[in-house]
Structures are given as structure tokens and as C-alpha cells.
Amino acid sequence: MRRTRSARGALRGSPHVRLRVGFVLIAMVLSVFGGRLVQLQGIDPGSYAAMAAAEGSVEVVLPARRGDILDRNGEPLADSVDGLAVFADPYMTADKAPEIATFLSRRLDVDYVTVLNRLREEDSRFQYVARQVPSTLANDVVEEARELGYEGIDVQRDPVREYPAGDVAANVVGAVGTPDPEHGDQPLVGLELAFDEWLAGADGSARYQVGGGNKLPLGENLTVEPVDGQDLVTTLDRDLQWYVQRVLRQTVKSSGGESGFAVVMDAPTGEVLALADYPTFDANAPEDVDEKAILVSRALGDVYEPGSVAKVLTLSALIDAGKVTSRTRLTVPPRLDRQDRPIGDWFDHGEIKLTLAGVLAKSSNIGTVLAADNFDEGQFRDYLVDFGLGQRTGVAVPGETAGLLPDGALWTSQTQDRVAFGQSMSVNALQMAAAVNTIANGGVRVDPSVIQGTAELADGTEVGTDTTTRRRVVSEDAAQQTMKMMERVIDPEDGVAPGAAVPGYRVAGKTGTAQRVGAECGCYDGTFTVSFAGFAPADDPRFTIYVVVQNPSNGGGGGSVAGPAFAKLMGYTLRRYGVPPTGTRPSQLPVEW
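A few points on the structure.

Conventions adopted
Residues numbered from 1 in each chain as written. Predicted model: local features only at pLDDT ≥ 70, side-chain atom pairs only at ≥ 80, totals over all residues. Heavy atoms only, no water. Core = buried A, V, L, I, M, F, W, Y, C linked by side-chain atoms within 4.5 Å. Buried < 20%, exposed > 50% of the residue type's maximum accessible area, 1.4 Å probe, protein only. Contact = heavy atoms within 4.5 Å. Salt bridge = Lys/Arg side-chain N within 4 Å of Asp/Glu carboxyl O. Helix = DSSP H or I, 4+ residues; strand = E, 2+ residues; numbered from the N terminus. Pairing = 2+ DSSP bridges.

1. Observations concerning the nonpolar core
Of all hydrophobic cores here, the largest spans 130 residues; its most connected members are Phe195, Leu232 and Tyr546. Once residues lying within four places of it in the same chain are set aside, the contact partners of Leu232 are Asp68, Ile69, Leu70, Leu191, Phe195, Trp198, Leu199, Ile451 and Ala455.

2. Looking at the pattern of salt bridges
Applying the stated criterion across every chain yields a total of 26 salt bridges. Counted as one network, the salt bridges with shared partners bring together Arg66, Arg161, Glu192 and Asp196.

3. Looking at helix α13 (residues 311-320)
Every α-helix carries 3.6 residues per turn, so stepping three or four residues along brings you back to the same face. Of all 10 residues that make up α13, nine are buried, and the element is covered over most of its length. Within the span of α13, buried status applies to Lys311, Val312, Leu313, Thr314, Leu315, Ser316, Ala317, Leu318 and Ile319. Taken from the residues just after α13, Gly322 is the one with a positive phi, measuring 80°.

4. Side note on the sheet that holds strand β13 (residues 232-233)
The four strands are arranged β7-β3-β2-β13 in an open sheet whose pairing can be described as mixed. Every other strand in the sheet has two partners, leaving β7 (160-162) and β13 as the edge strands with one partner each. As defined by bridge partners, strand β2 (residues 69-70) adjoins β13 across two bridges and the pair is classed as parallel. Bridging from a neighbouring strand, Leu70 pairs with Val233 of β13.

5. Regarding the pairing of strand β26 (residues 543-550)
Walk down a regular strand and you will see the side chains alternate between the two sheet faces. Across the eight residues of β26, eight count as buried, placing the element largely inside the fold. For strand β14 (residues 259-266) and β26, the ladder comprises eight bridges, and the chain directions are antiparallel. Across the sheet, Phe261 pairs through a bridge with Val548, a residue of β26. Alignment of strand β25 (residues 524-536) against β26, held across eight bridges, turns out to be antiparallel. Bridged to Val530 within β26 is Val549.

Spelled out as C-alpha cells, the structure:
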């Protein structure tokens, strides 16, 4: 009996037996896995796909923060503040989708059908319901949903685009529209659109495992952090821009005008300190724009005949070409009969004897045409091209037009007559301001800029103050003579725009009053563009300012409508930047002989 128990004990402890048992157990486990695999792949794949959605991985977008648009002093013109995206987990919302869609469409002002489809999206664990929702509202909605028993609604970081100054520089900065649920910000116009890639950054993503509708804390987690957009620093001065817009609005309204725009430039650098439009809009609500307002900048998009402001370019070019001086004597008849039509002046007169300075001071069309007869063939047009007419300034604000300068092949003596005093060609306001600024800058044209430093457009083009180019258009002497002639325009006795004077400062300027071409008839329709362009201090220019009003109904011209607005803006700008008077005497060039 003792041997038998010993033999059984030896049998149970035999390594061969234990090995066989182990193999049997492994085979059984593998059989179970194999059968499960066949079931998953061949017998009932549909039901297990649904289970995989419930117990699988979820990938969500982590929105990048859009870069700020700043003024020259770092003040925000557009920024991104804390906001939230409301999203849904369709696995958890599908059963109550109609009820939840009704609730969300009412609370978040989103489309019911779109939301309903998202709440039912198959094979998805993440669907946006609303983007860029104020944090308080988003959290309240999620809390209410949970109280109503609606599971699967939650929030995540999603910065909201905001324009702290409302309408200030709105036509330049632009705006973003209602964010698209999938792609977020939808830039509409302005710098927001032109520099979208620069500002937008790159969204990140997060992938994690879920089970039973919940995130598994020990499951696989993979996060790619978002790359926030870059800030865009402009040359604009937010406080100055605010003031310019208010003066412009007052000027347009008081004159009964349709619209207007104004440009303030730093004369030596070409930096645009203000680029104002009226009517304008609140960038926080571009969908509420007034029917008379447009989203693009009129200062860049409107083309119009500049009128007598163009005489500054004509006469400075003549002086540079050696054809005349500021003291050249001209006999100006009451009417000048030319090839296709007679040319008259805005004021009635008999035969008068004016110097070239007097021609500018009195704004004589006839005197300007007589002086322009001295140009060599093709010479005048070449100067206008050098001044920047007929071409975009390249400031990278969408909507800019190139204006219209007649082609050389179509340039006739009649064309030259009219172009000499600002007809038969078209400009945009910034283009014309930059041309006049060439005289303020000693005859050197400097590209205008609205971007500080360097920023990159979508096509890789770099723009900004670091890329500014300069070219000499007229000699320093020609610019100096022209400046002194422009001072006579402000003279209370001999000039046409004493209202543009700035007490204590020497001011050089020129009025403009031009007929407008009607869109329907393609002819002069009886309405007018009035303007004033100038710089100060005249003998040491710091700022160039250009004010334009379209179709004033009070009968005023450039001197009486735009001139006083210019004076307000120039006086404010000089004081704001602490520019002292030069203390020198203004020009006393003779206007008659």
C-alpha cells in the first residue's frame, strides 16, 4: 500500500504530465480567440463595428488661437478672447437627436437640420455643434442639457474673434464671418483675409480611447498641440484712426455727401497712420452692415478723377524737366479753345497775368494746360507713372484698384490737356496721397505701408515697412519750388483754401474739385468729388493728409468742404506727435506779374 501511494504521488508530479496539460490549456485558449476572430470578421461585422464605436478611439480637433492684429503701439484692433466650442458625441446623442437638436438650435442659434444630422452621424464620436461660443453661454448650455438628461454634449477651448474698437479701421482690418463648424474662422475682407494663413496658425488634435461612452484614463492618448497664429502689427495709430473717422463722418454728413475717405501718412517713411472710410461698419457684426456701407476700403477700392490736386504733379514735373520755374509768367485768357473742346476755369475772369505759383494758388485749369504744352512727347505720362499712378500701391489690403492712366498709345494732346488738371484719369486715395507725399519727401516717392516689419501673404510675397522701396521722381529743387507754390494755396488773400490753415504751422496743400462719371451713363452726371491734399510743416514735412468727399450736396468745393477737415486732422496729428512749429516765414512767391 505504501508503494502504491508513492507511485501516484510521483505520477502527479511528473513534468511530462504537467507539460501535456499546459499544451491542452493553450490550445483551448487559442481556439476561443480563433473562433472570436472568425465571428468578428465573417459572421457579424456590423454589430461589432457599432461596439468598436462605443469602445474605440476618438479624435478631436484642438483649435489654434488666431493671431492678434495690432496698431503701431501694440493696441489691439482684432484679438482672440476665451471662448468654447460646443460639440456632441453622436454615439450618445443619436437616440434623442430630435429633442437635443431642438434645444441646441434655440439656445445657440444654430440650424436645426444641420445639428440633427451631426447628432446622428454614424461611426463618429465627435461632431461640432457651434464654434466660438462665449464661455458663459457655452457652459450654461451644457449644464442645461445635462439637467434635461441629454448626455453627450460638452465643450472645449475655441477662442472667439473680437474687435475691441468696433468700427475703428474696420475697412482695413476686415472681419471674420460666422465660424464654420469644421473650419472655424471664415475671413471675409481686409487684413483678416489677406493674411489668413499668417494669422490662423495650425490646429492640433487629440486621440484617446473610450469605453462605454467614457474616456479610458489608462488607454492610449496622443496629443498634437495646436500652433497659434502669428500677430500682425500694423502702422495704424488706433487713437488717431478713431479721431480721423469721426472728423470724416462729421464732414460727410455736414456737407450732405454720399461717402468719404481720408489718409494720414508719415511723410518720411510712407507709413499709413490712418486710413479711414465713411460709411463704415462694426467689425464685430459685419452681417449688420448698413446698405450704404461696404466692407472693403473705399480709400483703396473707389476710383475717381482727382481734379486739381493733380496739378501738383503736373507742375512739379514741368519744373523738374527744366521747362518752367515757380516764377514763370503766363498770360491766361478767359477761355482756351483747344482741338476738341474749350477749356475754362472754375472762376470767371478776363485775361489775367499769373506766375506758375499763381496758377496753382488760383487753381487755373487754363494756366496749367498752357504750362503743360512745354512737355516733350511722352514725357508727362512717364512722370505720372513714376509718381505711382495707374498701378496699385501694394499695401496688401484686398480690394485695391490700380486706377486708370491712359495708355501711351492712346495718349493724345487732348488727353494730355485734361490729365494736366486731373480729368481723364482715375486714382485711388492712397495712391494719390503717396504721389503728393513725394513732394513732401523732397521728390522721393516712398511706398506706402500698412504693415510694420515684414509679414507674408499666402503666395509667399513679403510686405511691410522692411520691404519698402524708394525712387526719386523729381529733384529736390523741383519739390522745394512746388512746396512753396502749394503754400500760396492756403494764403487768405491769394489762395483758394484759407480754411485749410493750421494756426502756428506752415502748411502746403492743394484743393481738388472734379466731375464724377456716372455708372449708368458713362458720362459726367453732374455730381462731384471734392478733396484736399497737403503736408506740414511745409518746410520740414512730417505728415501728409488727404481728405476726399464724394458728391457733397451743399455746393461746396475742395477748399470749403475738405480743407477745414484737413486742418482739424493735421492740427490734431501734429499735436499728438509733439511736432513743434518750425518758426519760419511762409512762402511769399508772387502770384501775378
